[in-house]
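# Structural features, examined
Here's the letter readout for the chains.
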There are 2 protein chains.
Amino acid sequence: MLFSIAPPWKGSDIMIKLDFSKGEGLLPAIAQDYKSGKILMLAYINKDSWEKSLETGEVYYWSRSRREIWHKGGTSGHVQKIKEIYADCDNDTVLFKVEQVGGAACHTGYESCFHKRVDSNGKETIVGEKIFDPEKVYKRKT
Amino acid sequence: MLFSIAPPWKGSDIMIKLDFSKGEGLLPAIAQDYKSGKILMLAYINKDSWEKSLETGEVYYWSRSRREIWHKGGTSGHVQKIKEIYADCDNDTVLFKVEQVGGAACHTGYESCFHKRVDSNGKETIVGEKIFDPEKVYKRKT
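A short tour of the structure in this document, coming up. (Residues numbered from 1 in each chain as written. Chains lettered and ligands numbered in written order. Predicted model: local features only at pLDDT ≥ 70, side-chain atom pairs only at ≥ 80, totals over all residues. Heavy atoms only, no water.)

## Quick notes on helix H1 (residues 47-56) of chain A
All names here are of chain A. Three or more residues of H1 are buried, namely Ser49, Trp50, Ser53 and Leu54. For H1, the arc enclosing every buried residue in end-on projection is 140°, short of the 170-degree limit, so these residues lie on one face. Of the surrounding secondary structure, the elements contacted by the buried residues of H1 are strand E2 (39-45), strand E3 (60-63), strand E4 (68-71), strand E5 (80-87) and strand E6 (94-100). Looking one or two residues beyond H1, the residue adopting positive phi is Gly57, at roughly 80°. (Buried < 20%, exposed > 50% of the residue type's maximum accessible area, 1.4 Å probe, protein only. Helix = DSSP H or I, 4+ residues; strand = E, 2+ residues; numbered from the N terminus. Arc of directions from axis to C-beta. Contact = heavy atoms within 4.5 Å.)

Structure representation (C-alpha cells):
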C-alpha cells in the first residue's frame, strides 16, 4: 500500500542509521517508480545527500564522476519526488519509491537506465522508447 | 512484456561488456521479482559470479563479507531463477528479473530485504511478513 510522506524529514529526527562505513561512505540507492514498480536507476548517496533528500523530499545523489552532491533533475527539471523510503536489512542500501517528474530518469532520455536487455544470444537489445531528447534537455553552453 | 530466456548463456557468447573496472571489480546487482515487480535485494557481482549466473540461469553473487562467490539459495534452497537480465546505461549495474524460489529473498526470512520503511517521524517500521524462520532454514552446525 502506497502512501505519501510529507517532507521535510529533519535529519536530527531520523532514527534509522544507515551504515555509511561501507563503500567508503557511499551507499547504493535504487529509484523505483512508485506506481508502476519499474526500476528507474541506481546511483550512490553519501550522508549529506541522504540528509538533503530527507529534508527536501526530492532525491539527491552523490556523483562519483563529478565528486559532488547531485540534485537529480536539477538541470533537466526531471526531479524525483519521494513517496516512500525503505532501507534494507543491513542498512547499507536505500530504496526510494518516487514520482519521476517528466517521465524519464535516464540521462539518455529513456524512462529507465535499465533499458538494455541482455538476450539469450548474448547481445543487448534496447527496450523502451526515448521520452526526451538529451540534446534539447541538457543544453550545452558553448 | 516478460519472457523467459533459456540458459545457459555461454560466457564467450556474451557481447555485452560490464564495466568491472568500477567498484574494485564489484558491481551492484538488483534482484526484482519478475511477476510482481517487487525489489527483493541488492548484492554485488564480480566477473566470475556474473559468468556463473549466465551459464547456470541462477543468480550468483560475490559475498563481500565472506569474500567468495555465493550461490544465492545454495544453503536455503531459495535460489533465484533468472527470467530476464538488464544492464544499465553505464554498464555498471545489473538488474536480474527472477523467480524467487521459496518466496523470500532475505536471510531474515522476509520476502524482500527492503522491509524497513523509513516513516515521516524518522522511525523505521517493519513491513511484510516473515515467509520462513531463518533458524530452521539455516541450520547451524554445532
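## Notes on the relation of the copies chain A and chain B
At an RMSD of 0.0 Å, chain A and chain B line up after a rotation of 180° and a shift of 0.0 Å along the axis. Here the copies are linked by what is in effect a two-fold axis. For chain A, the minimum C-alpha distance to the rotation axis belongs to A:Gly37 and amounts to 2.8 Å. (Least-squares fit on C-alpha atoms with pLDDT ≥ 70 in both.)

## A word on the packing of aromatic side chains
Applying the stated criterion to the full structure yields four aromatic pairs over all chains. Plain terms: the ring middles of B:Tyr61 and B:Trp70 are 5.2 Å apart, the flat faces sit at 40° to each other, and that makes the pair tilted. Residue class for B:Trp70 comes out partly exposed when judged on its relative accessible area of 23%. The ring of A:Tyr34 has A:Lys83 sitting right over it, with the charged end atom 5.2 Å from the ring centre. (Phe/Tyr/Trp six-rings, centres within 6.5 Å; stacked < 30°, edge-to-face > 60°. Lys NZ or Arg CZ within 6 Å of the ring centre and 35° of its normal.)

## Re the side chain of A:Ser63
Residue and element names in this part refer to chain A. Relative to the assigned elements, Ser63 resides in strand E3. Reaching out from Ser63, the side chain makes a polar contact with the side chain of Ser65 at a distance of 3.3 Å. Other than its neighbours up to four places away in sequence, Ser63 contacts Glu68 and Trp70. (Polar contact = N/O pair within 3.5 Å; in protein donor to acceptor, adjacent residues only side chain to side chain.)

## Side note on the interface of chain A and chain B
Contacts between the two partners involve 46 residues from chain A, matched on the other side by 47 residues from chain B. Of the roughly 3,700 Å² buried where chain A meets chain B, counting both sides, 67% is carbon and sulfur surface. The three residues of chain A that bury the most area against chain B are A:Cys89, A:Phe114 and A:Val118, which together make up 18% of that side's buried surface. Inspection of the chain A/chain B interface yields two salt bridges. Among the ionic pairs, B:Asp92 bridges to A:Arg64, the shortest N-O distance being 3.5 Å. Here chain A is connected to chain B by 14 residue pairs in polar contact (both at pLDDT 80 or more). Sorting the residues of the side of chain A that touches chain B by element identifies strand E1 (27-33), E2, E5, E6 and strand E7 (116-118) of chain A as the ones contributing at least two each. At four residues, E5(A) tops the list of elements feeding residues into the side of chain A that touches chain B. Residue composition of the side of chain A that touches chain B, by class: 23 nonpolar, 10 polar and 13 charged. Where E7(A) lies against strand E5 (residues 80-87) of chain B, two bridges are found, and the strand directions are antiparallel. In the strand pairing of E5(B), A:Arg117 is matched with B:Tyr86. (Buried area = accessible area lost by both parts, 1.4 Å probe. Salt bridge = Lys/Arg side-chain N within 4 Å of Asp/Glu carboxyl O. Nonpolar A, V, L, I, M, F, W, Y, C, P; charged D, E, K, R; others polar. Pairing = 2+ DSSP bridges.)

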